[in-house]
Amino acid sequence: MDLMFKDEVQKIYRYSEPNLSLVGWLGFIGFPLYYFMWHDIFPQPYENIWLRLFGSILLVTVALRKHLPSFVQPYLPYHYLFTISYTLPFFFCYMMFKNEWTTVWVTSFMASIFLHILLVHTTRVMMLQSLSSIGVAYFCAYGSDWYKFNEHITWSYVPVFVFTYIFGNLFFFRNQAEHESKMSIAKYFGAGIAHEMRNPLSALRASNDVLSSVLPKLDAHGTGEFVMTKEEVILAKEVLNDANNVIESGNETIDMLLTSIDQSRIATGNYVKHSIKEVVCSAVDGFSYKSLVDRQAVKVNVRQDFAFLGSDTLFKYVIYNLLKNAFYHQGNTGFSIVIEIEADNGYNCIRFRDNGLGIKPEVMEHIFEDFYSTGKRNSYGLGLPFCKKVMQAMGGEISCRSRLGAWTEFSLSFSDYDSAEVLEIKKQLVKNKSVMYIGSKQQVVFKILNSQSFYLGYHFTAVTVEQACQRSEYEFEYPLIFVDLDEFSDKPQRFRQLEKLLHFTEARLVFLYNSSNRYLGDYDRHLSFAAVEKSQLIDNVKKHLFELFFENSNQHFADRTSIPKLESVSGKTILIADDNQSLRVYTAILLGQQGFNVLQAKTGLEVLTQLESNSIDLIIMDIAMPEMDGLDTTKAIRKLKDSRSAAIPIIGYTGSSSTAIIKKIHQANMTDYIVKPAATEKLLDKIADWI
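Reading the values: the criteria
- Residues numbered from 1 in each chain as written.
- Predicted model: local features only at pLDDT ≥ 70, side-chain atom pairs only at ≥ 80, totals over all residues.
- Heavy atoms only, no water.
- Core = buried A, V, L, I, M, F, W, Y, C linked by side-chain atoms within 4.5 Å.
- Buried < 20%, exposed > 50% of the residue type's maximum accessible area, 1.4 Å probe, protein only.
- Helix = DSSP H or I, 4+ residues; strand = E, 2+ residues; numbered from the N terminus.
- Contact = heavy atoms within 4.5 Å.
- Salt bridge = Lys/Arg side-chain N within 4 Å of Asp/Glu carboxyl O.
- Axes fitted to C-alpha atoms, helices over the stretch in contact; angles between N-to-C directions.
- Left-handed = near helix turned anticlockwise from the far one by under 90°.

Peer 1: I'd like to hear about the nonpolar core, residue by residue, with values.
Peer 2: By size, the foremost hydrophobic cluster in this structure holds 70 residues, and its most contacted members are Phe315, Ile350, Leu412, Phe414 and Phe482. Among the elements that line this core, the one with the most residues is helix α11 (residues 312–328), at nine residues. Those residues in contact with Phe315, other than ones at most four positions away along the chain, are Ile276, Val279, Val280, Phe308, Ile350, Met391, Met394, Leu412 and Phe414. Leu59, Tyr80, Ala141 and Phe161 belong to the second largest nonpolar core, which has 44 residues in total.

Peer 1: Can you lay out the pattern of salt bridges for me, pointing to particular residues and giving the numbers?
Peer 2: It is possible for side chains bearing opposite charge to pair when their charged atoms get close. Per the stated rule, a full pass over the model turns up 18 salt bridges. With a closest N to O distance of 3.8 Å, Glu551 and Lys273 form a salt bridge. Here Glu551 is found in the loop between α19 (541–550) and β13 (573–577), whereas its partner Lys273 is found in strand β1 (residues 272–275), with 278 residues between them in sequence. According to the relative accessible area criterion, Glu551 is buried, its value standing at 7%. The partner of Glu499 in a salt bridge is Arg496, and the shortest N-O contact between them spans 3.4 Å. Here Arg496 and Glu499 lie together in helix α17 (residues 492–502), a separation of three residues that amounts to about one turn. Each member of the pair, Glu499 as well as Arg496, is classed as buried.

Peer 1: Tell me about the packing of helix α4 (residues 103–119) against helix α5 (residues 123–142), and name the residues and values.
Peer 2: In the contact formed by α4 and α5, the axes pass within 10 Å of each other and the chain directions differ by 150°. Once α4 is placed against α5, the crossing between them reads as right-handed. Taken together, the residues of α5 that come into contact with α4 (itself represented by Phe109, His116 and Ile117) are Met126, Gln129, Ser130 and Ile134.

Peer 1: Residues and numbers for the environment of Arg644, please.
Peer 2: Mapped onto the fold, Arg644 is located in helix α23 (residues 643–646). Through-space distance from the C-alpha of Arg644 to that of Ile616 is 9.4 Å; in sequence the pair is 28 residues apart.

Below, the structure is given as C-alpha cells:
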C-alpha cells in the first residue's frame, strides 16, 4: 500500500513538473499581494497576513526546487502535495468561512477548485486532500460550534461546489484516460518488440555460457593444462567478453526504444562523457544502408569536436532515426545528407541537413508529437518524439526547419559539458550511484567519502581488507571502488587475494596512495585502475568523484607508474634447486638479469648446505631430484632450528599439475608451486608474490 501511494505521489509530481515554476512564483507574489487587495483596496471582513506569508514561503520553495540541497530532493513530491493542500482547499475554504461566505470568497474558493483539479490530476488524492483540508478549515474557523457554521453558511452554494468537483474530475478523467489509452497501446507494442528481441538474445547468451564453461579457466597464476595455447585461451575469453558486451548493448537498446513511448523509462545510468565526433561517425558507419550509393550520400563535416554527457548508444539511435526518415523522403536523384558538427563559445550543435522532399508547414508543427504520423508505412509516430525525449534527457534540444520540395534541417543543440545545466544532470545521476571503499574507517579518506554520500546522495559501502577478501566476485559490482593501498603495506598476500577478486568486476577501480609512502608496485598488468593521491582527492573530492563517475578514461589521473614503489629487488637472493643443468642455468641467467643474486643446487642435500652458509630469501625447488627430492628437502627445511631459514618461501617446480602432486606439495608445506616449463612473465609474477 505504501509503495502504491509513493508511486502515485511521484506520478502527480512528474505530471505537474512543467507548471511548478509558474505556480510557485505566481503564488509567492500573489499571496501577499492580495492581502493588500482585500485589506486596503476592497476591504473584506477578515484577512490574515501570517497565513498568507506561510503560503508564500511554501510556494517559493516549489519555485526554487531545483536549487535545493540534493538530500531534500526525494521529499519534494510530498512537499508539493502539502503545499497544494494548504494554499488551495484549506486556505481558500478557511478564508471563505472567516469572511462569512461573502461573494468574493465564494468565487475565490470556486477558482481554487479548478486550479486544484488541474494541478493534482489523480482524483483519489485530490478528493482526499479536499475533504481533509476543508475539515481542518472548518475546525480552525468554527471549532465545534455547529450553530455558528449553520448561521453563516449559504447552502445554495454547496451544490455548485459539489458539481464543480464531480464534473471537473469527470471531464479531466476522460482526457487522462484517452491519453493513457494511447500510452497503453504504445507500451503493448513496445513490449512485443522487446519480447521478440530478447528471445534470440537469451539463446545467444545460453550458447555463450556453454562455450565459456567448455573453455579452460585461467587462474591468477596461469596454471593448468590447455589444449590451446594460453594466447588462444585469452583471445577466446576476449571474444566471449565482446559477445557479452554486444548482448548487454542489445538489451540496453531495447530499454532505450521503450523510452520513445514512456519518458519515465529513459535509461540514464550509463551516462558518461563522450566525443560527439566519435559517436556521430560511429553511428554513420554502423547504419544499415540499403546500398553503397546511400552510404556515399552521407557526409560528416566536423568543424569543431565537442564533448557531451549522455549515452552513446542512445544518441546513435537518434542519428539512426534521422537517417531513416531522410532516406524515406529523399525524392529524386542527387540526394545527399550533410551532418555538420560545430562548437563556438559554449554553443554546441549538430546540423543534420538533407536535400529531400521537405516537410509541409501544417505537418511541421506536429512532427515531435507522440503517435503523429504522415501515413508512412509501418510508422507508429514514435521516432521523432523519441529523438526529442533523448535530447532533453541529455540536457539538449532538437528543432527542425524545412522548405517544401527543397531541404530539411534538424538542429541538435547540447549544453556545454562544463555548464551548470550538465552539472545539475550529474548531481541527479549521482544519486543512483553506489561507491565502495576498501580500507580503514579511521582514514580521513573514508570520512570524506562518507560525508559526500550525504550531500551528493550516492550509496556508500565501506569494508575492511579482511571483509573484502571474504567476499565473492559478484559482490564487487559497484560503479566505483576505492582501494586504500596503505591498508596493504604489511599484508601483501591480502592484496594478491583482493586482486584476483577484482578481476571480475566492471567497476571503475581507484587505488589511493600517499606520495610520502612506498608500495609494492608489482600490480597485475591485466588489472585496469586509476591512481589518485589521497591529498588531491581530499582537497577536491566532488570534482574527482564526478570525473571518476562520468569520464571514460583515466586521462585525468596518474597512471600506475606514479605510485611510489618499495626498494628494488636488487640484493635479494634466490636459490634454484634442479638436477636439470640446462634449465637451472637458464633460470639463473634470467633472474640475474632482473637484479637478483642467484645461487644454484642440483640436489636436496646441496640446498641444505647452501642454507647453512648463505642468507637466502626464496627457493625455487624442483620436485623430482636424485638422492633427496624437493618434497623431502622442504620437510627438512621446515624442521630447522633457525626460524628464518625454516620459514623461507619455497616455490615447488613441477612438471605435473595433477591433484595427487598438488596435494603432496601442500603436505610438504611448500609455500607455492609453478608448472614447468613456465613463461618468463609467469615466473616473475610468482616470485613477486613472495619477495
